[in-house]
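Commentary on secondary and tertiary structure
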There are 2 protein chains.
Amino acid sequence: MATARIGETPTTMIDRVASILESFVGKRPLTLAEVARCSGLPRSSAHRILQRLVELGWVERNEFKYALGHRMFELGTQFTRQRSVHRAALPVMTELHRRTGLTAHLSMLTGTEILHLERVGVWPGDAGEWGVGARQPVVRTAPGRALLAAVPAEEWPEIVFGAVPTCYSVRSAVQLDRDLARIRDRGGVAVDAQGCALGVTVVAAPIATGEGGHFALSLCGPTKSVRTEVVVSDVRRAAVAVWRQASGMPPLRIRATEARPAAPFTRASRPVGAAWSPDTAPLVG
Amino acid sequence: MATARIGETPTTMIDRVASILESFVGKRPLTLAEVARCSGLPRSSAHRILQRLVELGWVERNEFKYALGHRMFELGTQFTRQRSVHRAALPVMTELHRRTGLTAHLSMLTGTEILHLERVGVWPGDAGEWGVGARQPVVRTAPGRALLAAVPAEEWPEIVFGAVPTCYSVRSAVQLDRDLARIRDRGGVAVDAQGCALGVTVVAAPIATGEGGHFALSLCGPTKSVRTEVVVSDVRRAAVAVWRQASGMPPLRIRATEARPAAPFTRASRPVGAAWSPDTAPLVG
(Lines give C-alpha, C1' and ligand atoms only; values in the text may rest on other atoms or scores of the structure.)
Protein backbone atom coordinates (compact mmCIF):
# COMPACT_ATOMS: atom_id res chain seq x y z
CA MET A 1 0.00 0.00 0.00
CA ALA A 2 2.65 2.51 1.06
CA THR A 3 4.60 2.00 -2.14
CA ALA A 4 1.42 2.33 -4.13
CA ARG A 5 1.03 5.83 -2.73
CA ILE A 6 4.55 7.09 -3.13
CA GLY A 7 3.86 8.21 -6.67
CA GLU A 8 0.70 10.09 -5.73
CA THR A 9 1.44 13.77 -5.72
CA PRO A 10 -1.20 15.91 -4.04
CA THR A 11 -2.25 17.12 -7.45
CA THR A 12 -3.07 13.66 -8.74
CA MET A 13 -4.82 12.85 -5.43
CA ILE A 14 -6.87 16.06 -5.69
CA ASP A 15 -7.68 15.12 -9.26
CA ARG A 16 -8.85 11.69 -8.14
CA VAL A 17 -11.19 13.23 -5.58
CA ALA A 18 -12.34 15.74 -8.19
CA SER A 19 -12.95 13.07 -10.83
CA ILE A 20 -15.11 11.14 -8.36
CA LEU A 21 -17.16 14.16 -7.24
CA GLU A 22 -17.54 15.43 -10.82
CA SER A 23 -18.79 12.01 -11.91
CA PHE A 24 -22.05 12.66 -10.04
CA VAL A 25 -22.90 15.82 -12.00
CA GLY A 26 -26.21 15.50 -13.85
CA LYS A 27 -26.69 11.87 -12.83
CA ARG A 28 -28.88 9.86 -10.51
CA PRO A 29 -27.13 8.07 -7.60
CA LEU A 30 -24.35 5.78 -8.84
CA THR A 31 -23.08 2.34 -7.84
CA LEU A 32 -19.40 1.86 -6.99
CA ALA A 33 -18.86 0.30 -10.42
CA GLU A 34 -20.46 3.31 -12.12
CA VAL A 35 -18.37 5.76 -10.07
CA ALA A 36 -15.21 3.85 -10.99
CA ARG A 37 -16.18 3.89 -14.67
CA CYS A 38 -17.19 7.60 -14.73
CA SER A 39 -14.08 8.70 -12.82
CA GLY A 40 -11.72 6.40 -14.70
CA LEU A 41 -10.27 5.15 -11.41
CA PRO A 42 -9.58 1.58 -10.31
CA ARG A 43 -12.52 0.23 -8.32
CA SER A 44 -10.32 -0.14 -5.23
CA SER A 45 -9.15 3.49 -5.27
CA ALA A 46 -12.67 4.72 -5.96
CA HIS A 47 -13.98 2.70 -3.02
CA ARG A 48 -11.22 3.93 -0.67
CA ILE A 49 -11.83 7.58 -1.60
CA LEU A 50 -15.63 7.22 -1.50
CA GLN A 51 -15.42 5.79 2.02
CA ARG A 52 -13.62 8.91 3.25
CA LEU A 53 -15.93 11.25 1.30
CA VAL A 54 -18.91 9.56 2.97
CA GLU A 55 -17.31 10.15 6.39
CA LEU A 56 -16.89 13.83 5.46
CA GLY A 57 -20.55 14.10 4.39
CA TRP A 58 -19.45 15.10 0.86
CA VAL A 59 -20.91 11.90 -0.52
CA GLU A 60 -23.80 9.93 0.93
CA ARG A 61 -24.40 6.22 0.57
CA ASN A 62 -27.93 4.82 0.34
CA GLU A 63 -27.69 1.03 0.29
CA PHE A 64 -25.53 0.34 -2.80
CA LYS A 65 -25.86 3.78 -4.40
CA TYR A 66 -23.69 6.86 -3.90
CA ALA A 67 -24.69 10.51 -4.41
CA LEU A 68 -23.31 13.92 -3.46
CA GLY A 69 -23.92 14.66 0.22
CA HIS A 70 -25.38 17.53 2.21
CA ARG A 71 -21.97 18.89 3.20
CA MET A 72 -21.15 19.46 -0.46
CA PHE A 73 -24.45 21.37 -0.70
CA GLU A 74 -23.51 23.53 2.31
CA LEU A 75 -20.08 24.30 0.86
CA GLY A 76 -21.68 25.19 -2.47
CA THR A 77 -24.11 27.66 -0.91
CA GLN A 78 -21.12 29.60 0.47
CA PHE A 79 -20.39 30.73 -3.08
CA THR A 80 -23.61 32.74 -3.30
CA ARG A 81 -23.95 33.60 0.41
CA GLN A 82 -20.59 35.40 0.31
CA ARG A 83 -21.73 37.66 -2.55
CA SER A 84 -23.37 41.01 -1.91
CA VAL A 85 -24.90 40.91 -5.42
CA HIS A 86 -26.82 37.74 -4.45
CA ARG A 87 -27.97 39.19 -1.13
CA ALA A 88 -29.07 42.35 -2.94
CA ALA A 89 -30.78 40.51 -5.82
CA LEU A 90 -32.90 38.02 -3.87
CA PRO A 91 -35.43 40.53 -2.42
CA VAL A 92 -35.66 42.35 -5.76
CA MET A 93 -36.21 39.06 -7.64
CA THR A 94 -38.79 37.88 -5.11
CA GLU A 95 -40.75 41.14 -5.39
CA LEU A 96 -40.52 41.05 -9.21
CA HIS A 97 -41.88 37.50 -9.27
CA ARG A 98 -44.71 38.33 -6.86
CA ARG A 99 -45.69 41.37 -8.87
CA THR A 100 -45.34 40.00 -12.40
CA GLY A 101 -45.70 36.23 -11.98
CA LEU A 102 -42.66 35.87 -14.27
CA THR A 103 -39.63 33.78 -13.28
CA ALA A 104 -36.58 35.78 -12.19
CA HIS A 105 -33.02 34.49 -12.64
CA LEU A 106 -29.69 35.77 -11.35
CA SER A 107 -26.99 34.44 -13.68
CA MET A 108 -23.22 34.67 -13.90
CA LEU A 109 -20.83 34.56 -16.86
CA THR A 110 -18.62 31.44 -16.60
CA GLY A 111 -16.54 30.74 -19.68
CA THR A 112 -18.72 30.28 -22.77
CA GLU A 113 -21.85 29.74 -20.66
CA ILE A 114 -23.99 31.47 -18.10
CA LEU A 115 -24.59 29.76 -14.76
CA HIS A 116 -27.90 30.32 -12.95
CA LEU A 117 -27.12 31.25 -9.34
CA GLU A 118 -30.65 31.99 -8.17
CA ARG A 119 -34.18 31.54 -9.46
CA VAL A 120 -37.53 32.76 -8.14
CA GLY A 121 -40.48 31.15 -9.89
CA VAL A 122 -41.13 27.72 -11.37
CA TRP A 123 -41.89 28.44 -15.02
CA PRO A 124 -40.86 26.93 -17.48
CA GLY A 125 -42.02 23.75 -15.74
CA ASP A 126 -39.04 21.56 -16.57
CA ALA A 127 -36.36 23.24 -14.51
CA GLY A 128 -33.64 21.41 -16.52
CA GLU A 129 -31.46 24.13 -18.04
CA TRP A 130 -33.44 26.87 -16.27
CA GLY A 131 -32.76 25.57 -12.75
CA VAL A 132 -30.32 26.84 -10.13
CA GLY A 133 -26.87 25.40 -10.89
CA ALA A 134 -27.73 24.83 -14.56
CA ARG A 135 -25.83 26.41 -17.48
CA GLN A 136 -26.89 27.82 -20.82
CA PRO A 137 -24.70 28.91 -23.77
CA VAL A 138 -23.84 32.62 -23.70
CA VAL A 139 -24.90 33.43 -27.29
CA ARG A 140 -28.20 31.58 -27.00
CA THR A 141 -29.52 33.38 -23.92
CA ALA A 142 -30.66 36.93 -23.12
CA PRO A 143 -28.49 37.13 -19.95
CA GLY A 144 -25.50 35.92 -21.97
CA ARG A 145 -25.92 38.47 -24.77
CA ALA A 146 -26.71 41.26 -22.28
CA LEU A 147 -23.35 40.52 -20.65
CA LEU A 148 -21.53 40.34 -24.01
CA ALA A 149 -22.90 43.81 -24.81
CA ALA A 150 -21.81 45.12 -21.41
CA VAL A 151 -18.42 43.47 -20.94
CA PRO A 152 -15.35 45.07 -22.57
CA ALA A 153 -14.31 43.10 -25.67
CA GLU A 154 -11.04 42.02 -24.03
CA GLU A 155 -13.07 40.19 -21.36
CA TRP A 156 -15.26 38.33 -23.87
CA PRO A 157 -15.27 34.53 -23.67
CA GLU A 158 -14.67 32.54 -26.86
CA ILE A 159 -17.91 32.77 -28.81
CA VAL A 160 -19.29 29.35 -29.77
CA PHE A 161 -22.30 28.96 -32.09
CA GLY A 162 -23.32 25.47 -31.06
CA ALA A 163 -26.52 23.52 -31.54
CA VAL A 164 -29.43 25.81 -32.45
CA PRO A 165 -32.55 24.88 -30.44
CA THR A 166 -35.06 26.91 -32.46
CA CYS A 167 -35.38 28.78 -35.76
CA TYR A 168 -35.24 32.04 -33.77
CA SER A 169 -31.81 31.33 -32.24
CA VAL A 170 -28.75 33.49 -32.91
CA ARG A 171 -26.63 31.31 -35.21
CA SER A 172 -23.94 33.55 -36.67
CA ALA A 173 -21.55 36.41 -35.84
CA VAL A 174 -23.62 38.70 -38.07
CA GLN A 175 -26.84 37.94 -36.19
CA LEU A 176 -24.98 38.33 -32.87
CA ASP A 177 -23.60 41.75 -33.84
CA ARG A 178 -27.07 42.87 -34.96
CA ASP A 179 -28.56 41.73 -31.63
CA LEU A 180 -25.79 43.40 -29.59
CA ALA A 181 -26.52 46.66 -31.44
CA ARG A 182 -30.21 46.33 -30.53
CA ILE A 183 -29.22 45.64 -26.90
CA ARG A 184 -27.13 48.84 -26.78
CA ASP A 185 -30.02 50.79 -28.33
CA ARG A 186 -32.14 49.47 -25.46
CA GLY A 187 -29.60 50.80 -22.94
CA GLY A 188 -28.10 47.39 -22.23
CA VAL A 189 -31.23 45.25 -21.99
CA ALA A 190 -31.35 42.02 -24.03
CA VAL A 191 -34.56 40.40 -25.29
CA ASP A 192 -34.68 36.79 -26.46
CA ALA A 193 -38.01 35.72 -27.96
CA GLN A 194 -38.07 31.93 -28.47
CA GLY A 195 -34.36 31.82 -29.37
CA CYS A 196 -33.64 29.61 -26.39
CA ALA A 197 -36.86 27.60 -26.32
CA LEU A 198 -40.12 27.87 -28.28
CA GLY A 199 -42.76 29.83 -26.36
CA VAL A 200 -40.24 31.34 -23.92
CA THR A 201 -39.32 35.04 -23.89
CA VAL A 202 -36.42 36.17 -21.68
CA VAL A 203 -35.48 39.78 -20.90
CA ALA A 204 -32.12 40.40 -19.21
CA ALA A 205 -29.96 43.26 -17.98
CA PRO A 206 -26.39 43.25 -16.65
CA ILE A 207 -25.80 44.15 -13.02
CA ALA A 208 -22.96 46.58 -12.54
CA THR A 209 -20.95 45.36 -9.56
CA GLY A 210 -17.42 45.77 -8.28
CA GLU A 211 -17.36 42.10 -7.24
CA GLY A 212 -15.41 39.56 -9.27
CA GLY A 213 -17.54 38.14 -12.06
CA HIS A 214 -20.19 39.44 -14.43
CA PHE A 215 -23.82 39.06 -13.36
CA ALA A 216 -27.17 39.51 -15.09
CA LEU A 217 -30.75 39.64 -13.85
CA SER A 218 -33.51 38.33 -16.10
CA LEU A 219 -37.25 37.69 -16.24
CA CYS A 220 -38.76 34.94 -18.36
CA GLY A 221 -42.34 34.13 -19.27
CA PRO A 222 -44.59 32.80 -22.02
CA THR A 223 -43.95 34.61 -25.32
CA LYS A 224 -47.68 34.90 -26.05
CA SER A 225 -48.41 36.81 -22.83
CA VAL A 226 -45.20 38.74 -22.05
CA ARG A 227 -45.52 42.49 -22.77
CA THR A 228 -41.90 43.03 -23.76
CA GLU A 229 -41.68 46.82 -23.37
CA VAL A 230 -43.06 46.60 -19.82
CA VAL A 231 -40.70 43.78 -18.84
CA VAL A 232 -37.72 45.61 -20.36
CA SER A 233 -38.46 48.54 -18.08
CA ASP A 234 -38.95 46.27 -15.03
CA VAL A 235 -35.68 44.44 -15.62
CA ARG A 236 -33.65 47.63 -16.19
CA ARG A 237 -34.95 49.19 -12.99
CA ALA A 238 -34.44 45.96 -11.04
CA ALA A 239 -30.84 45.61 -12.25
CA VAL A 240 -30.09 49.18 -11.17
CA ALA A 241 -31.79 48.60 -7.80
CA VAL A 242 -29.61 45.51 -7.23
CA TRP A 243 -26.49 47.39 -8.30
CA ARG A 244 -27.28 50.26 -5.90
CA GLN A 245 -28.06 47.87 -3.03
CA ALA A 246 -24.95 45.74 -3.66
CA SER A 247 -22.85 48.90 -3.83
CA GLY A 248 -24.18 50.10 -0.50
CA MET A 249 -26.07 53.03 -2.02
CA PRO A 250 -29.53 54.03 -0.75
CA PRO A 251 -32.47 53.21 -3.07
CA LEU A 252 -33.05 56.92 -3.72
CA ARG A 253 -32.39 59.53 -6.40
CA ILE A 254 -28.63 59.73 -6.88
CA ARG A 255 -26.17 62.38 -8.04
CA ALA A 256 -23.53 61.81 -10.69
CA THR A 257 -20.87 62.37 -8.00
CA GLU A 258 -21.98 59.08 -6.46
CA ALA A 259 -20.95 57.17 -9.57
CA ARG A 260 -18.91 54.09 -8.66
CA PRO A 261 -15.93 53.73 -11.03
CA ALA A 262 -15.41 50.28 -9.46
CA ALA A 263 -18.51 48.99 -11.25
CA PRO A 264 -17.21 47.27 -14.42
CA PHE A 265 -20.12 48.35 -16.59
CA THR A 266 -19.53 52.02 -15.79
CA ARG A 267 -15.85 51.53 -16.68
CA ALA A 268 -16.66 49.71 -19.90
CA SER A 269 -15.21 51.36 -22.98
CA ARG A 270 -18.38 50.66 -24.94
CA PRO A 271 -21.33 53.06 -25.32
CA VAL A 272 -23.47 50.76 -23.16
CA GLY A 273 -21.18 51.55 -20.24
CA ALA A 274 -22.58 55.07 -20.17
CA ALA A 275 -26.08 53.69 -20.18
CA TRP A 276 -25.29 52.10 -16.81
CA SER A 277 -23.81 55.15 -15.15
CA PRO A 278 -26.00 56.74 -12.48
CA ASP A 279 -26.50 59.71 -14.82
CA THR A 280 -28.45 57.83 -17.42
CA ALA A 281 -29.63 54.68 -15.62
CA PRO A 282 -33.33 54.62 -14.77
CA LEU A 283 -33.89 55.51 -11.14
CA VAL A 284 -35.64 53.40 -8.55
CA GLY A 285 -37.82 54.42 -5.65
CA MET B 1 9.25 17.12 -2.23
CA ALA B 2 8.85 13.45 -3.12
CA THR B 3 9.87 12.34 0.35
CA ALA B 4 7.50 14.86 1.86
CA ARG B 5 4.66 13.10 0.09
CA ILE B 6 5.57 9.50 0.90
CA GLY B 7 3.76 9.71 4.20
CA GLU B 8 0.60 11.15 2.65
CA THR B 9 -2.04 8.47 2.42
CA PRO B 10 -5.00 9.38 0.24
CA THR B 11 -7.06 9.84 3.38
CA THR B 12 -4.78 12.50 4.80
CA MET B 13 -4.60 14.19 1.38
CA ILE B 14 -8.40 14.20 1.17
CA ASP B 15 -8.47 15.63 4.68
CA ARG B 16 -6.08 18.42 3.64
CA VAL B 17 -8.31 19.36 0.74
CA ALA B 18 -11.35 19.14 3.04
CA SER B 19 -9.72 21.28 5.73
CA ILE B 20 -8.97 23.96 3.15
CA LEU B 21 -12.46 23.98 1.61
CA GLU B 22 -14.14 23.84 5.03
CA SER B 23 -12.05 26.81 6.19
CA PHE B 24 -14.11 29.07 3.90
CA VAL B 25 -17.45 28.20 5.55
CA GLY B 26 -19.15 31.26 7.02
CA LYS B 27 -16.24 33.55 6.17
CA ARG B 28 -15.47 36.34 3.72
CA PRO B 29 -12.70 35.66 1.17
CA LEU B 30 -9.45 34.63 2.87
CA THR B 31 -5.76 35.37 2.24
CA LEU B 32 -3.29 32.50 1.87
CA ALA B 33 -2.09 33.11 5.43
CA GLU B 34 -5.67 32.93 6.73
CA VAL B 35 -6.38 29.73 4.79
CA ALA B 36 -3.21 28.17 6.20
CA ARG B 37 -4.18 29.18 9.72
CA CYS B 38 -7.82 28.05 9.42
CA SER B 39 -6.88 24.72 7.83
CA GLY B 40 -3.93 24.10 10.12
CA LEU B 41 -1.72 23.36 7.12
CA PRO B 42 1.78 24.64 6.34
CA ARG B 43 1.59 27.70 4.11
CA SER B 44 3.42 25.83 1.33
CA SER B 45 0.98 22.89 1.27
CA ALA B 46 -2.00 25.23 1.49
CA HIS B 47 -0.66 27.23 -1.46
CA ARG B 48 0.05 24.10 -3.53
CA ILE B 49 -3.45 22.69 -2.93
CA LEU B 50 -5.16 26.07 -3.46
CA GLN B 51 -3.44 26.43 -6.84
CA ARG B 52 -4.95 23.15 -8.03
CA LEU B 53 -8.37 23.96 -6.53
CA VAL B 54 -8.35 27.27 -8.42
CA GLU B 55 -7.57 25.39 -11.66
CA LEU B 56 -10.55 23.10 -10.93
CA GLY B 57 -12.87 26.09 -10.31
CA TRP B 58 -13.54 24.87 -6.76
CA VAL B 59 -11.77 27.91 -5.35
CA GLU B 60 -11.49 31.30 -7.00
CA ARG B 61 -8.76 33.84 -6.49
CA ASN B 62 -9.48 37.57 -6.60
CA GLU B 63 -6.17 39.42 -6.27
CA PHE B 64 -4.81 38.18 -2.92
CA LYS B 65 -8.04 36.68 -1.58
CA TYR B 66 -9.42 33.18 -2.01
CA ALA B 67 -13.07 32.07 -1.85
CA LEU B 68 -15.08 29.00 -2.84
CA GLY B 69 -15.62 28.88 -6.61
CA HIS B 70 -18.56 28.44 -8.92
CA ARG B 71 -17.78 24.78 -9.61
CA MET B 72 -18.25 24.01 -5.92
CA PHE B 73 -21.63 25.77 -6.17
CA GLU B 74 -22.60 23.64 -9.18
CA LEU B 75 -21.58 20.43 -7.41
CA GLY B 76 -23.56 21.48 -4.35
CA THR B 77 -26.74 22.10 -6.32
CA GLN B 78 -26.62 18.48 -7.48
CA PHE B 79 -27.59 17.47 -3.95
CA THR B 80 -31.01 19.09 -4.23
CA ARG B 81 -31.49 18.68 -8.01
CA GLN B 82 -31.24 14.90 -7.63
CA ARG B 83 -34.07 14.83 -5.07
CA SER B 84 -37.70 14.36 -6.11
CA VAL B 85 -38.83 15.91 -2.80
CA HIS B 86 -37.07 19.17 -3.77
CA ARG B 87 -38.54 19.16 -7.29
CA ALA B 88 -41.97 18.50 -5.82
CA ALA B 89 -41.65 21.08 -3.03
CA LEU B 90 -40.49 24.09 -5.04
CA PRO B 91 -43.76 24.78 -6.92
CA VAL B 92 -45.79 24.21 -3.76
CA MET B 93 -43.53 26.54 -1.75
CA THR B 94 -43.63 29.20 -4.47
CA GLU B 95 -47.43 29.10 -4.61
CA LEU B 96 -47.67 29.19 -0.79
CA HIS B 97 -45.42 32.26 -0.68
CA ARG B 98 -47.33 34.05 -3.44
CA ARG B 99 -50.66 33.34 -1.74
CA THR B 100 -49.70 34.00 1.90
CA GLY B 101 -46.67 36.30 1.68
CA LEU B 102 -45.03 34.07 4.32
CA THR B 103 -41.56 32.60 3.80
CA ALA B 104 -41.49 28.89 2.95
CA HIS B 105 -38.59 26.61 3.86
CA LEU B 106 -37.73 23.05 2.87
CA SER B 107 -35.46 21.63 5.57
CA MET B 108 -33.67 18.35 6.20
CA LEU B 109 -32.64 16.59 9.40
CA THR B 110 -28.83 16.39 9.60
CA GLY B 111 -27.46 15.21 12.93
CA THR B 112 -28.60 17.46 15.78
CA GLU B 113 -29.57 20.26 13.38
CA ILE B 114 -31.86 20.97 10.47
CA LEU B 115 -30.36 22.21 7.21
CA HIS B 116 -32.38 24.59 5.01
CA LEU B 117 -32.34 23.21 1.44
CA GLU B 118 -34.71 25.71 -0.14
CA ARG B 119 -36.35 29.00 0.78
CA VAL B 120 -39.00 31.08 -0.99
CA GLY B 121 -39.41 34.52 0.53
CA VAL B 122 -37.04 37.01 2.13
CA TRP B 123 -38.46 37.47 5.63
CA PRO B 124 -36.94 37.60 8.25
CA GLY B 125 -34.68 40.16 6.57
CA ASP B 126 -31.35 38.89 7.88
CA ALA B 127 -31.11 35.59 6.05
CA GLY B 128 -28.37 34.43 8.46
CA GLU B 129 -29.64 31.21 10.05
CA TRP B 130 -32.81 31.28 7.90
CA GLY B 131 -30.97 31.20 4.59
CA VAL B 132 -30.42 28.33 2.17
CA GLY B 133 -27.48 26.26 3.39
CA ALA B 134 -27.87 27.50 6.98
CA ARG B 135 -28.52 25.23 9.97
CA GLN B 136 -30.65 25.53 13.09
CA PRO B 137 -30.73 23.29 16.19
CA VAL B 138 -33.39 20.56 15.98
CA VAL B 139 -35.04 21.21 19.35
CA ARG B 140 -35.20 24.96 18.81
CA THR B 141 -37.07 24.92 15.50
CA ALA B 142 -40.56 23.93 14.35
CA PRO B 143 -39.22 21.81 11.45
CA GLY B 144 -36.86 20.07 13.85
CA ARG B 145 -39.53 19.21 16.40
CA ALA B 146 -42.02 18.22 13.68
CA LEU B 147 -39.42 15.70 12.48
CA LEU B 148 -38.69 14.47 16.01
CA ALA B 149 -42.41 13.81 16.45
CA ALA B 150 -42.55 11.98 13.11
CA VAL B 151 -39.33 9.99 13.11
CA PRO B 152 -39.22 6.64 14.96
CA ALA B 153 -37.37 7.00 18.29
CA GLU B 154 -34.53 4.75 17.08
CA GLU B 155 -33.77 7.30 14.34
CA TRP B 156 -33.65 10.30 16.71
CA PRO B 157 -30.45 12.31 16.78
CA GLU B 158 -28.83 13.08 20.11
CA ILE B 159 -30.97 15.79 21.72
CA VAL B 160 -28.93 18.85 22.72
CA PHE B 161 -30.46 21.73 24.69
CA GLY B 162 -27.94 24.40 23.77
CA ALA B 163 -28.05 28.16 24.05
CA VAL B 164 -31.61 29.43 24.47
CA PRO B 165 -32.24 32.44 22.20
CA THR B 166 -35.53 33.58 23.77
CA CYS B 167 -37.63 33.04 26.88
CA TYR B 168 -40.08 31.05 24.71
CA SER B 169 -37.50 28.44 23.61
CA VAL B 170 -37.76 24.76 24.50
CA ARG B 171 -35.08 24.27 27.15
CA SER B 172 -35.72 20.89 28.78
CA ALA B 173 -36.74 17.31 28.00
CA VAL B 174 -40.03 17.92 29.84
CA GLN B 175 -40.88 20.93 27.67
CA LEU B 176 -39.84 18.99 24.56
CA ASP B 177 -42.10 16.02 25.44
CA ARG B 178 -44.98 18.40 26.09
CA ASP B 179 -44.44 20.07 22.72
CA LEU B 180 -44.14 16.73 20.89
CA ALA B 181 -47.49 15.69 22.42
CA ARG B 182 -49.06 18.92 21.13
CA ILE B 183 -47.55 18.25 17.69
CA ARG B 184 -49.12 14.75 17.61
CA ASP B 185 -52.46 16.22 18.71
CA ARG B 186 -52.13 18.55 15.70
CA GLY B 187 -51.65 15.57 13.39
CA GLY B 188 -47.90 16.09 13.09
CA VAL B 189 -47.71 19.87 12.63
CA ALA B 190 -45.31 21.82 14.86
CA VAL B 191 -45.78 25.46 15.85
CA ASP B 192 -42.95 27.58 17.22
CA ALA B 193 -44.00 31.04 18.42
CA GLN B 194 -40.90 33.15 19.16
CA GLY B 195 -38.96 30.15 20.47
CA CYS B 196 -36.36 30.57 17.74
CA ALA B 197 -36.37 34.36 17.46
CA LEU B 198 -38.55 37.07 19.01
CA GLY B 199 -41.37 38.12 16.70
CA VAL B 200 -41.04 35.05 14.44
CA THR B 201 -43.65 32.26 14.28
CA VAL B 202 -42.83 29.10 12.34
CA VAL B 203 -45.28 26.31 11.43
CA ALA B 204 -43.81 23.06 10.09
CA ALA B 205 -44.93 19.61 8.93
CA PRO B 206 -42.87 16.55 8.01
CA ILE B 207 -42.91 15.37 4.41
CA ALA B 208 -43.40 11.64 4.07
CA THR B 209 -40.96 10.42 1.44
CA GLY B 210 -39.29 7.16 0.53
CA GLU B 211 -36.03 9.02 -0.23
CA GLY B 212 -33.12 8.87 2.16
CA GLY B 213 -33.34 11.61 4.77
CA HIS B 214 -36.13 13.26 6.73
CA PHE B 215 -37.61 16.46 5.30
CA ALA B 216 -39.97 19.13 6.61
CA LEU B 217 -41.84 22.00 4.99
CA SER B 218 -42.46 25.16 6.99
CA LEU B 219 -43.92 28.65 6.75
CA CYS B 220 -42.65 31.53 8.87
CA GLY B 221 -43.98 35.01 9.42
CA PRO B 222 -44.35 37.80 11.97
CA THR B 223 -45.91 36.48 15.22
CA LYS B 224 -48.20 39.49 15.51
CA SER B 225 -49.83 38.90 12.11
CA VAL B 226 -49.68 35.11 11.57
CA ARG B 227 -53.07 33.40 11.98
CA THR B 228 -51.71 30.13 13.34
CA GLU B 229 -54.73 27.87 12.74
CA VAL B 230 -54.88 28.92 9.09
CA VAL B 231 -51.16 28.42 8.55
CA VAL B 232 -51.28 25.02 10.28
CA SER B 233 -53.87 23.92 7.75
CA ASP B 234 -51.89 25.39 4.82
CA VAL B 235 -48.68 23.66 5.88
CA ARG B 236 -50.35 20.26 6.46
CA ARG B 237 -51.98 20.33 3.04
CA ALA B 238 -48.76 21.53 1.38
CA ALA B 239 -46.72 18.74 3.00
CA VAL B 240 -49.20 16.14 1.77
CA ALA B 241 -49.21 17.70 -1.71
CA VAL B 242 -45.40 17.50 -1.84
CA TRP B 243 -45.45 13.92 -0.56
CA ARG B 244 -48.00 12.90 -3.21
CA GLN B 245 -46.08 14.69 -5.98
CA ALA B 246 -42.71 13.25 -4.88
CA SER B 247 -44.30 9.79 -4.68
CA GLY B 248 -45.62 10.10 -8.22
CA MET B 249 -49.26 10.21 -7.11
CA PRO B 250 -51.76 12.52 -8.81
CA PRO B 251 -52.88 15.57 -6.80
CA LEU B 252 -56.39 14.16 -6.50
CA ARG B 253 -58.59 12.40 -3.96
CA ILE B 254 -56.84 9.16 -3.01
CA ARG B 255 -57.93 5.75 -1.78
CA ALA B 256 -56.39 3.96 1.19
CA THR B 257 -55.17 1.29 -1.22
CA GLU B 258 -52.78 3.87 -2.65
CA ALA B 259 -50.98 4.09 0.69
CA ARG B 260 -47.21 3.98 0.14
CA PRO B 261 -45.58 1.80 2.84
CA ALA B 262 -42.25 3.16 1.55
CA ALA B 263 -43.00 6.54 3.09
CA PRO B 264 -41.21 6.50 6.48
CA PHE B 265 -43.85 8.49 8.29
CA THR B 266 -46.55 6.02 7.33
CA ARG B 267 -44.30 3.25 8.67
CA ALA B 268 -43.57 5.10 11.90
CA SER B 269 -44.51 3.16 15.01
CA ARG B 270 -45.79 6.32 16.67
CA PRO B 271 -49.40 7.54 16.62
CA VAL B 272 -48.38 10.43 14.37
CA GLY B 273 -47.55 7.86 11.71
CA ALA B 274 -51.23 7.19 11.25
CA ALA B 275 -51.87 10.91 10.95
CA TRP B 276 -49.72 10.86 7.81
CA SER B 277 -51.31 7.88 6.11
CA PRO B 278 -53.52 8.71 3.12
CA ASP B 279 -56.52 7.66 5.20
CA THR B 280 -56.27 10.51 7.66
CA ALA B 281 -54.01 13.06 5.96
CA PRO B 282 -55.86 16.15 4.72
CA LEU B 283 -56.54 15.85 1.01
CA VAL B 284 -55.33 18.30 -1.61
CA GLY B 285 -57.07 19.51 -4.76
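Because the structure is predicted, anything quoted here is derived from the model rather than measured.

1. Regarding the layout of surface pockets
Reported here for the second largest pocket is a volume of approximately 530 Å³. For the second largest pocket, the lining is made up of 21 residues, of which A:Glu60, A:Asn62, B:Arg83, B:Gly212 and B:Gly213 are closest to its centre. Elements with a minimum of two residues in the lining of the second largest pocket: strand E1 (59-62) and strand E2 (65-68) of chain A together with strand E3 (103-110) of chain B. For the lining of the second largest pocket, the class distribution of residues is 5 nonpolar, 10 polar and 6 charged.

2. Side note on the interface of chain B and chain A
Contacts between the two partners involve 64 residues from chain B, matched on the other side by 64 residues from chain A. Here chain B and chain A share an interface that buries about 5500 Å² over both sides, 61% of which is from carbon and sulfur atoms. Of all residues in chain B, B:Ile14, B:Phe73 and B:Gln82 give up the largest surface area on contact with chain A, accounting jointly for 13% of the area buried on that side. At the surface where chain B touches chain A, the tally comes to 8 salt bridges. Of the charged contacts in the structure, one is a salt bridge between B:Glu60 and A:Arg83, with a shortest N-O distance of 2.3 Å. At the boundary of chain B and chain A, one finds 19 residue pairs in polar contact (both at pLDDT 80 or more). Broken down by secondary-structure element, the contributors of at least two residues to the side of chain B that touches chain A are helix H1 (2-6), helix H2 (10-22), helix H4 (43-56), strand E1 (59-62), strand E2 (65-68), helix H5 (70-81), helix H6 (84-100) and strand E4 (113-120) of chain B. In terms of residue count, H5(B) provides more of the side of chain B that touches chain A than any other element does, 12 residues in total.

3. Comments concerning the pairing of strand E7 (residues 200-207) of chain B
All names here are of chain B. In terms of residue burial, E7 counts as a mostly covered element, since 8 of its 8 residues are buried. The sheet contact formed by strand E6 (residues 190-193) and E7 spans 4 bridges and is antiparallel. Paired with Val-191 across the two strands is Val-203, which belongs to E7. In this antiparallel pair of consecutive strands, E6 and E7, the connection spans 6 residues, and Gln-194 shows a positive phi of 65°. Pairing of E7 with strand E8 (residues 215-222) involves 8 bridges; the strand directions are antiparallel. Within E8, the residue paired with Ala-205 across the bridge is Leu-217.

What counts, and at which threshold
Every chain begins its residue count from 1, and numbering advances along the sequence as written. All chains are assigned letters beginning with A, and all ligands numbers beginning with 1, in the order in which they are written. Residue-level local features of this predicted model are given only where pLDDT is at least 70; pairs of side-chain atoms are given and counted only at 80 or more, and the full residue set underlies all totals for whole chains, interfaces and linings. Think of the side-chain values as coming from all heavy atoms in the structure, minus any hydrogens and water. The rule is simple: put a 1 Å grid over the protein atoms alone, call a set of points where a 1.4 Å probe fits but cannot get out a cavity, call an open set with protein on both sides within 12 Å along at least five of seven lines a pocket, and count a residue as lining if it has an atom within 4 Å of a point. Grid points are joined across faces, edges and corners, and a volume is the space filled by probe spheres set on the points. Strands are runs of DSSP state E lasting at least two residues, helices are runs of H or I lasting at least four, and both sets are numbered from the N terminus onward. The nonpolar class holds Ala, Val, Leu, Ile, Met, Phe, Trp, Tyr, Cys and Pro. Asp, Glu, Lys and Arg form the charged class, and all remaining residues, Gly among them, are polar. Between two residues, a contact is recorded if the distance between any of their heavy atoms is within 4.5 Å. Accessible area, probed at 1.4 Å, shrinks when two parts are joined; the buried area is that loss added up over both. Here, a salt bridge means any side-chain nitrogen of Lys or Arg that lies within 4 Å of a carboxyl oxygen of Asp or Glu. A 3.5 Å cut-off defines polar contacts: any pair of N or O atoms within that distance qualifies, except that in protein one atom must be a possible hydrogen donor and the other a possible acceptor, and neighbouring residues in sequence count only when both atoms are side-chain atoms. Throughout this description, buried means an accessible area under 20% of the type-specific maximum (1.4 Å probe, protein chains only), exposed means over 50%, and partly exposed covers the range between. At least two bridges found by DSSP between two strands are what make those strands a pair.

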